[in-house]
Each structure stands twice: as structure tokens, then as C-alpha cells.
Amino acid sequence: MRSRIGNRENDVQSDEVIALHPAENGMQLGRALLHALHNAGISVLYQDREMRTVWARNMRAPWVSDTADSNGILPAAQADRIGAAKRDVIASGNPQHLEISVPAEDGIRWFQVWIDADHGDGGTVQGVVTTMVETTEQKRREQTLTTLLREVSHRSKNLLAIIQSIATQTGRYSDGIGDFLTRFRGRLQSLASSQDLVTSSNWRGAALRELVSGQVGRYGGDPVRSLRFQGANPYLNPNAALHIGLAMHELAVNSVSYGALSRPNGFVEVTASLTPDDTGTSLSLTWAETIGANDNQRSEKRFGSVALERVVPASLNGTATLEIAADRLEYRLVVPHGNFETE
């Protein structure tokens, strides 16, 4: 009696698609199929109605073990699921499809399992064929994509909240629509510049020195000449990168308008240091520049100083001071360790 997997309609379709050349024989076809199973990572198990193994091909862990148990080394709960599905297929003749997970040393392994009845010519179920394909990598990619989409959604909401705050504060301290648009565009461009660094790092964040150099370079020409950066270079998380970038933008714009960067050969000094404290390690960031006698108009409380002294430190759970003396401007921002990495 010739056995077949599935129903007669499937057999007819298979015979039409796979028409053996006269020179082909069963052994050649069998070897080709074994290579295909191996290359595709597909395991196939055939059992009779009593669930006794008749043959198996390309069986690997967790489907096989030293005891030659037909359920291999599967966890008991998963083995019971598959066993129940096989018994149902033998009783009803209808196929079953399962997705199972198996604990492993490096996490969870995932498998798709198809269970089909092998019908005889009279339609009687005379065996069951189980096909197993590992989908761990696909599952991990799906989980990674889901995580990334959630992260993008979270970051997008944060970014929109920052933009809303900037728009509100800029409008409050602007003299008219033209002044508002000029300032608002500059701040959006600052966010975009910082966001580019965050995105290019796969949302990890941005290195402090690269962030500061980028913001100063947008207004101070060549940062090699206009910026003197020294000290630590921690890696800022995305939120810290956006807000510290905004602070550097405000300082750079003010400097170009009134301070050191408004004069030929002028430069600013940015110093970063890591200091142990009760919470672990804090980042102390200082911007300093020499200003002229007529530059004290910057002491007026506009959005720039509000952002530097209130918005940025509050967003980072830190503290900040802005001091403007007769010939010097100094801004100091202290940020707790949760906003950056040192390695």
C-alpha cells in the first residue's frame, strides 16, 4: 500500500509539479531532499499510530537526546502540547500548527511545528508526520523591531514635548513674529543637529565633545579655532544630548552676537570633569569666555538665560549657574550620573 501525506488533491498537485526524469531514481531524490532539509534547518519525524518512531531526518536538539526519546529534551509542558496535538491529528486526520519556545543557555529558542496526518489509500490515518523549523532569529528580529518602534514612539513624544516647551518660551520672550521665527528656527536646528548624533548612534546618545563641537561649529566657524575643549568626554544619553545641545546652542548664539565669538580670533573654553558624589559620579560642565565692556546686555532675562538656568538643569535633574561679570561670562552645569556613561 502506498502511503501519502495530506489528501489526494495535494498528491495530485505534487505529482504534477515534481515529474521525475526517467534517469532519476528514488535514491537520488532522497539524497537531494536530505541535503535540502539540512541546508534549510528542517527536522522531520514520522511516527505510526502508536506514536512509535518509524524514521527521522535531520533531527537536532531539542528534538533528540541520548535516550532516543521521540520528544527529545523538550520541557515537559511543550512535550505534552506536541503529544496532545499528535494524538488529535491521528484521531481527526486534521493538521495542527504550533509555535513553541524552549529555554536555552543564550535565551529562548523558538520553533514552528507542523503536524500532518499520513493517510493510506483508503483514507485511514496510518501515521503522523511532524515538521520542525527553528525561527529563533526571526523571532528576535521581530522583538527587536517592536522594541525599537516603542523606543521611537517614546523618543518622538519627548522630542515633541521639548519643541512645545521651546515654542512657548520663545514666544514669551520674542519681540514679534519675525524675532520669534528667527529664534525658534535656530533652536529647532540645534535640536536637529543633536538628534542626528543620537540617531547615528542607534539611539544610544552622543559623545559630549562631538556634541559641543557641533553646536559651536554651527555659529563659531572652525571649532578647532573657536572652541577649546578639555577634560572628560562622557557619552550622554539621548535626553541629556538634546538638552545639553540646546544649552550649548544658546551660549554659542549669545557669544556670536555679543561675546568672544563676535570678535576676530575669539574663542570659548569648555571644560568637563567627573566628580564623585553621593549619587555616584556627576558631570560638571563649564563654559567660559571673555566678554567686552558693552556685552552686559546679555544679563537681561530672556529665554536663553531661562533655558540655561531652569529648563536644561530641570530636565536633567541637575543644577546650573550663569554668571556675567564685567569681562567674563561663565556657565556651569552639574549633571548626575544617570544622564551619561563613562565607558
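Residues numbered from 1 in each chain as written. Predicted model: local features only at pLDDT ≥ 70, side-chain atom pairs only at ≥ 80, totals over all residues. Heavy atoms only, no water.

Novice: When you look at the nonpolar core in this model, what are you seeing that I'm missing?
Specialist: As a rule of thumb, nonpolar side chains are buried together in soluble globular proteins. Core analysis: the largest hydrophobic core is formed by 36 residues, its most contacted members being Leu208, Leu236, Ile244, Trp287 and Tyr331. Among the elements that make up this core, the one with the highest residue count is helix 8 (residues 238–258) (7 residues). Among all residues touching Tyr331, those that are not within four sequence positions of it are Ala247, Leu251, Leu285, Thr286, Trp287, Leu308, Val312, Pro313, Ala320, Thr321 and Leu322. In this structure, Ile82, Val102, Val113 and Met132 belong to the second largest nonpolar core, which totals 19 residues. (Core = buried A, V, L, I, M, F, W, Y, C linked by side-chain atoms within 4.5 Å. Buried < 20%, exposed > 50% of the residue type's maximum accessible area, 1.4 Å probe, protein only. Helix = DSSP H or I, 4+ residues; strand = E, 2+ residues; numbered from the N terminus. Contact = heavy atoms within 4.5 Å.)

Novice: Hey, could you run me through the pairing of strand 3 (residues 53–57) in this one?
Specialist: Relative to strand 3, strand 2 (residues 42–48) runs antiparallel, the two sharing 4 bridges. Each residue of the ladder has a partner; that of Gln47, found in strand 3, is Thr53. Turn length for the strand 2-strand 3 hairpin, with the two strands adjacent in sequence and antiparallel, is 4 residues, and the turn residue Met51 shows positive phi of about 65°. (Pairing = 2+ DSSP bridges.)

Novice: Explanation requested: the pattern of salt bridges in the structure shown.
Specialist: Note on pairing: side chains with opposite charge can pair once their charged atoms come close. As enumerated under the stated definition, the model contains 9 salt bridges in all. Residue Glu137 pairs with Arg140 through a salt bridge whose shortest N-O separation is 3.5 Å. With Glu137 and Arg140 both in helix 4 (residues 136–172), this residue pair falls 3 residues apart, about one helical turn. Classification of Glu137 by relative accessible area gives partly exposed; the value is 49%. The partner of Glu341 in a salt bridge is Arg204, and the shortest N-O contact between them spans 3.1 Å. Here the residue Glu341 occupies a position in strand 14 (residues 340–341), and Arg204 occupies one in the loop between helix 5 (177–200) and strand 7 (206–207), the gap between them amounting to 137 residues. For Arg204, a relative accessible area of 38% translates into the label partly exposed. One network of salt bridges, with partners in common, ties together Asp48, Glu50 and Arg52. (Salt bridge = Lys/Arg side-chain N within 4 Å of Asp/Glu carboxyl O.)

Novice: How should I be thinking about helix 5 in this particular structure?
Specialist: A turn of α-helix holds 3.6 residues, and therefore any two residues three or four places apart point the same way. Given a rise of 1.5 Å per residue, 24 residues ought to cover 34 Å, and the 34 Å separating the end C-alpha atoms of helix 5 matches this to within 8%. Buried within helix 5 are the following residues: Phe180, Phe184, Gly186, Arg187, Ser190, Leu191, Ser194, Gln195, Leu197 and Val198. (Expected span 1.5 Å × (residues − 1).)

Novice: Is there a simple way to explain unusual backbone geometry in this structure?
Specialist: Backbone phi values are negative for most residues with the exception of glycine, while trans is the configuration of most peptide bonds. Located in the positive-phi region is Met51, a residue other than glycine, with phi close to 65°. You can call Met51 partly exposed: its relative accessible area is 24%. Of note, the phi angle at Asn265 is positive, near 65°, even though the residue is not glycine. Inspection of the secondary structure puts Asn265 in the loop between helix 8 and strand 10 (268–277).

Novice: What's the story with the sheet that holds strand 11 (residues 280–290) in this structure? I'm lost.
Specialist: Strand-to-strand pairing in sheets goes through backbone hydrogen bonds, with the strands running parallel or antiparallel. Reading across the sheet, the 5 strands line up as 8-10-11-13-12 and stay open at both edges, with mixed pairing between neighbours. Unpaired on one side and paired on the other, strand 8 (227–231) and strand 12 (319–324) mark the two borders of the sheet. Going from strand to strand, the sheet's axes swing by 15° on average, the running direction of each strand aside. Pairing geometry for strand 8 and strand 10, over 5 bridges, is parallel. Note that in strand 10 the partner of Gly231 across the bridge is Ala272. (Axes fitted to C-alpha atoms, helices over the stretch in contact; angles between N-to-C directions.)

Novice: Sorry, what's going on with the sheet that holds strand 9 (residues 235–236) here?
Specialist: In space, the 3 strands of this open sheet follow the order 7-9-14, with antiparallel pairing throughout. The strands lining the two open edges of the sheet, one partner per strand, are strand 7 and strand 14. Where strand 9 lies against strand 14, 2 bridges are found, and the strand directions are antiparallel. By the bridge assignment, Leu236 is partnered in strand 14 with Phe340.

Novice: So what exactly am I meant to see when it comes to the packing of helix 4 against helix 5 here?
Specialist: Each pair of packed helices can be described by the angle between their axes along with the distance between the axes. Between helix 4 and helix 5, whose axes approach to 10 Å, the crossing angle comes to 155°. Looking at the two axes, helix 4 sits roughly antiparallel to helix 5. As for how helix 4 packs across helix 5, the hand of that crossing is right-handed. Across the interface between the two elements, Leu159, Ile162, Ile163, Ile166, Ala167, Thr170 and Gly171 from helix 4 touch Phe180, Arg183, Phe184, Arg187, Leu188, Leu191 and Gln195 from helix 5. A breakdown of the residues in the contact of helix 4 with helix 5 according to their chemical character gives 9 nonpolar, 3 polar and 2 charged. (Parallel < 35°, antiparallel > 145°, perpendicular 65-115°, else oblique. Left-handed = near helix turned anticlockwise from the far one by under 90°. Nonpolar A, V, L, I, M, F, W, Y, C, P; charged D, E, K, R; others polar.)

Novice: Which parts of the structure should I look at to understand the pairing of strand 11?
Specialist: Consecutive side chains of a regular strand alternate in pointing toward one face of the sheet and then the other. Counting buried residues in strand 11 gives 8 out of 11 residues, a clear majority hidden from the surface. Of the pairings in the sheet, the one linking strand 10 to strand 11 comprises 9 bridges and is antiparallel in character. By the bridge assignment, Leu274 is partnered in strand 11 with Leu283. Counting the residues that bridge the hairpin from strand 10 to strand 11 gives 2 residues. Here 8 bridges tie strand 11 to strand 13 (residues 328–335), and the two strands are oriented antiparallel to one another. Each residue of the ladder has a partner; that of Trp287, found in strand 13, is Tyr331.

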